[in-house]
Number of protein chains: 2
Amino acid sequence: MDEKKLEKKKKGGLSTESYKGVRDFYPEDMFVQNHIFEVMRYSAESFGFVEYGASLLEPTALYESKTGEEIVNEQTYTFTDRGGRSVTLRPEMTPTVARMVAAKRRELAFPLRWYSLPNVFRYERPQRGRLREHWQLNVDIFGAEGIPAEVEIIVCAYQTMLNFGAKETDFEIRLSYAGLLSAVLKDTLTLSDGDTKKLTRIIDSIGKVSDTDIRKRAEEILGKEKQVHFEKLIEGGNFDAHVAHRPEFKHAHEVMKTLRTIGIAETAITFEPFLVRGFDYYTGLIFEIFDTSAYNTRALFGGGRYDNLLDIFDSPTIPAVGFGMGDVTIRDFLETHDLIPSYESPTDLLLSTVDSQTVSYAQALAQRLRKEGIAVAVNLDDARVGSQLTVAGKQGIRFAICIGEREVATKKYTIKNLETKKETGLKENGIAEFIFNSEL
Amino acid sequence: MDEKKLEKKKKGGLSTESYKGVRDFYPEDMFVQNHIFEVMRYSAESFGFVEYGASLLEPTALYESKTGEEIVNEQTYTFTDRGGRSVTLRPEMTPTVARMVAAKRRELAFPLRWYSLPNVFRYERPQRGRLREHWQLNVDIFGAEGIPAEVEIIVCAYQTMLNFGAKETDFEIRLSYAGLLSAVLKDTLTLSDGDTKKLTRIIDSIGKVSDTDIRKRAEEILGKEKQVHFEKLIEGGNFDAHVAHRPEFKHAHEVMKTLRTIGIAETAITFEPFLVRGFDYYTGLIFEIFDTSAYNTRALFGGGRYDNLLDIFDSPTIPAVGFGMGDVTIRDFLETHDLIPSYESPTDLLLSTVDSQTVSYAQALAQRLRKEGIAVAVNLDDARVGSQLTVAGKQGIRFAICIGEREVATKKYTIKNLETKKETGLKENGIAEFIFNSEL
């Protein structure tokens, strides 16, 4: 790699590398990406969600309240445009959809079931599962309070996993309630709001950094005495005793019970009081989906209820609940569980040409076949027929017909299956049918 | 609008407006956008093109050579990231695809037929047909010299128009050859390279600004004497006499002849020596598609041959030809010609609920129906049934089944067509079939 770079530098040519932390999608990669988008789209639509979209450029002010502070200050792509406006590349979709709903709240027929497939941006060190640009299925219900909407969102997340080919036991669902962890920490350890917040972030990093590190960072905030108290509090099932009487706990368990009654049978559903979501706008039930393989201990994705986000637009309160599922973590999950489909070309047929005299004949034939619904590529250069078929095979095209003088004269063709090498004689009016039938 | 803004300011809430010059896509708009993407995708794939993609973030250096100067200097979104790198939001896709092809030129099986549907960005004053962000079908062939590849690209552009529902006479194709206009101007009027370039830009604005303006701007460059010569040169068919003997002219006419032989019958195909493309990288045949209605005199879209672009990466020369078709101008065209399809919801069925007791029953039923391929929304709040059906009707959902105590007890359902109001009695195992059949 370094040698290559050096070579380029010597010659003075531009680098062919993409910008750091983003991806180029060559056709094979794009095929996988489109598979992921299709499953996401199908899943959301099967639950009655309809698609919306927006630009990734947003006024920076949209992110200056209600979102996690860390994200606004250090992790966004923010710049000033030539007109002096501060612009941010959206780090997530929720503020955008809240803005759109608030803008047309008088015209829209609630409840809304909306989904989108936006790309979102974070300025952070690229690492496994974390890139500077990724795509994210966003699914949200606006205008429905209470448990049924929360259940619907979680079932949709669950079903999306199954639609990707995951088994029920490949993943689990963990639930909690926004603010519950903070409230218990604050009350039990008598902490300030600031220290409570710091401590929840430390708890969020359990399992991601070493226990020694956790202990050290907690002690910095709590001091020796409270640290002992804290360690006992989060040990084993001790914490549950502090929350079991609280309404948030009961609410979460009601959701868990309903998930079972409407058909989630084998997927583990657990109450996880240490669950922390990255954004501050959650107001109720929160959940995350985890891979059950030991391979990945981070959450795959999650969501929850955020009833007050529209208040920043001075809109009347509109209850909201949703989830966001990123393509990078899902792709890693699919790879781990061997669920990535193998590449299939969308091209049915190559019309190979013996010499340049027959190319325009082939182009006219291709036009007629396309009208019957066949995807046809035509050879356009002077390569030998053997080489044309080799390239077509590499590109995953399934059939080829070679057009030479004889074919032009007789209008009879030989179609070749590039995988099996089997050849079949056909007239023009049999080509489309032959290809359609071979797909069965 | 101003009153609304004032109201918001008074209250102190965040504005719900999007960033200037970009679009929010509410579900009805997204439906049209998806229709446009689907037609573009289908058209490209029916010609054997396969999809690729890339991030919109690119190193700025990618745009500092070979692209139109105007675009690099004044019209891009360029900023410095937190790591000190200069980043540009891609103003077009061609440099990106050239970068990707150059990066893997040793592994890729040429010729490549590639397409993409990227969004691209320009910092300019928003106006009809020109926004700061738009999407663009990019279709390119890499590794094929000569007329057949140029013909294939133009036929693909033509067929894409037909696939949108355009009649052959709704648009026309104009061809020329990169550098031909400049060469003739330079030779005939003995101009410097700089003045030649300025003059071609003035010619490009004929029909867009007033004739007086054109005359004034040309005189500034040419002086009185040459100006007279110039006006005669571009008058009527005079210019053609200066180009008829040139190989570029013959090449373009060969392309025009071939387009006729392979099936373009009624669409006007003309040689247009004053055609100027916005980028400097074109090296051969260029073309543009124009609306034949008087309504729109600007080009809808265009493309051409650019054989040397990969040289900037010190790659061996790889011949290339392609076109880019923007969603905004196409959407305007479709509106003008009444070719925008009306909204259809992807949701087949609403399960309406009489009270909160029946919601989880409905959710379980919905899950079973989804497994049969039906897109089902479930009512999630306490609204009255009449109001639930009104909202579903507004959202374009076609059928509803109301779930009450009786339905839970008898497992017999009444499905209502929300448009015709017709009701039909069904058992659970008849619902999916009923909906599928009603789509025929």
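The structure displayed is predicted, hence computed values, not measured ones.

## Digging into the domain arrangement of chain A
- Each assigned domain of chain A is listed with its residue range as follows: domain 1 (23–178 + 244–336) and domain 2 (349–438).
- Each of domain 1 of chain A and domain 2 of chain A was reduced to a C-alpha centroid, and the two centroids are 46 Å apart.

## Things to note about the interface of chain A and chain B
- Taken together, the 78 residues of chain A in the interface contact 78 residues of chain B.
- Taken together, the residues that form the side of chain A that touches chain B break down as 41 nonpolar, 18 polar and 19 charged.
- Where strand E1 (residues 24–25) of chain A and strand E3 (residues 53–54) of chain B come together, 2 bridges link them in antiparallel fashion. From the neighbouring strand, Asp24(A) faces E3(B), where its bridge partner is Ala54(B).

## Focus on the pairing of strand E17 (residues 399–403) of chain B
Residue and element names in this part refer to chain B.
- Burial analysis of E17 places 5 of its 5 residues in the buried class, the great majority of the element.
- The alternating pattern of E17 places Phe-399, Ile-401 and Ile-403 and Ala-400 and Cys-402 on opposite faces, both of which are buried.
- Note: strand E15 (residues 349–353) against E17, 5 bridges, orientation parallel. Bridge pairing in E17 places Ser-352 opposite Cys-402.
- Of the strand pairs in this sheet, E17 and strand E18 (residues 412–417) are connected by 3 bridges, and their pairing is antiparallel. Paired with Ala-400 across the two strands is Lys-416, which belongs to E18.

## So, the packing of helix H5 (residues 147–163) of chain A against helix H12 (residues 359–371) of chain B
- Where H5(A) contacts H12(B), the axes come no closer than 11 Å and their chain directions differ by 20°. One finds that H5(A) runs roughly parallel with respect to H12(B). Crossing handedness for the pair H5(A) and H12(B): right-handed. Contact residues: H5(A) offers Pro148(A), Val151(A), Glu152(A) and Val155(A), while H12(B) offers Val359(B), Gln363(B) and Gln367(B).
- Its residues assigned to classes, the contact of H5(A) with H12(B) comprises 4 nonpolar, 2 polar and 1 charged.

## Quick word on the relation of the copies chain A and chain B
- After a rotation of 180° and a shift along the axis of 0.0 Å, chain A superposes on chain B with an RMSD of 0.1 Å. With respect to symmetry, the two chain copies, as superposed, fit the operation of a two-fold axis. Measuring from the rotation axis to each C-alpha of chain A, the shortest distance belongs to Phe79(A), at 3.3 Å.
- Taken as a fraction of all interface residues of chain A, those also at the interface in chain B reach 100%, which identifies the copy contact as same-surface.

Thresholds applied
- Residues numbered from 1 in each chain as written.
- Chains lettered and ligands numbered in written order.
- Predicted model: local features only at pLDDT ≥ 70, side-chain atom pairs only at ≥ 80, totals over all residues.
- Domains from an automatic or database assignment.
- Contact = placed C-beta atoms within 7 Å.
- Nonpolar A, V, L, I, M, F, W, Y, C, P; charged D, E, K, R; others polar.
- Pairing = 2+ DSSP bridges.
- Helix = DSSP H or I, 4+ residues; strand = E, 2+ residues; numbered from the N terminus.
- Buried ≥ 20, exposed ≤ 12 C-beta atoms within 10 Å, placed from the backbone.
- Axes fitted to C-alpha atoms, helices over the stretch in contact; angles between N-to-C directions.
- Parallel < 35°, antiparallel > 145°, perpendicular 65-115°, else oblique.
- Left-handed = near helix turned anticlockwise from the far one by under 90°.
- Least-squares fit on C-alpha atoms with pLDDT ≥ 70 in both.

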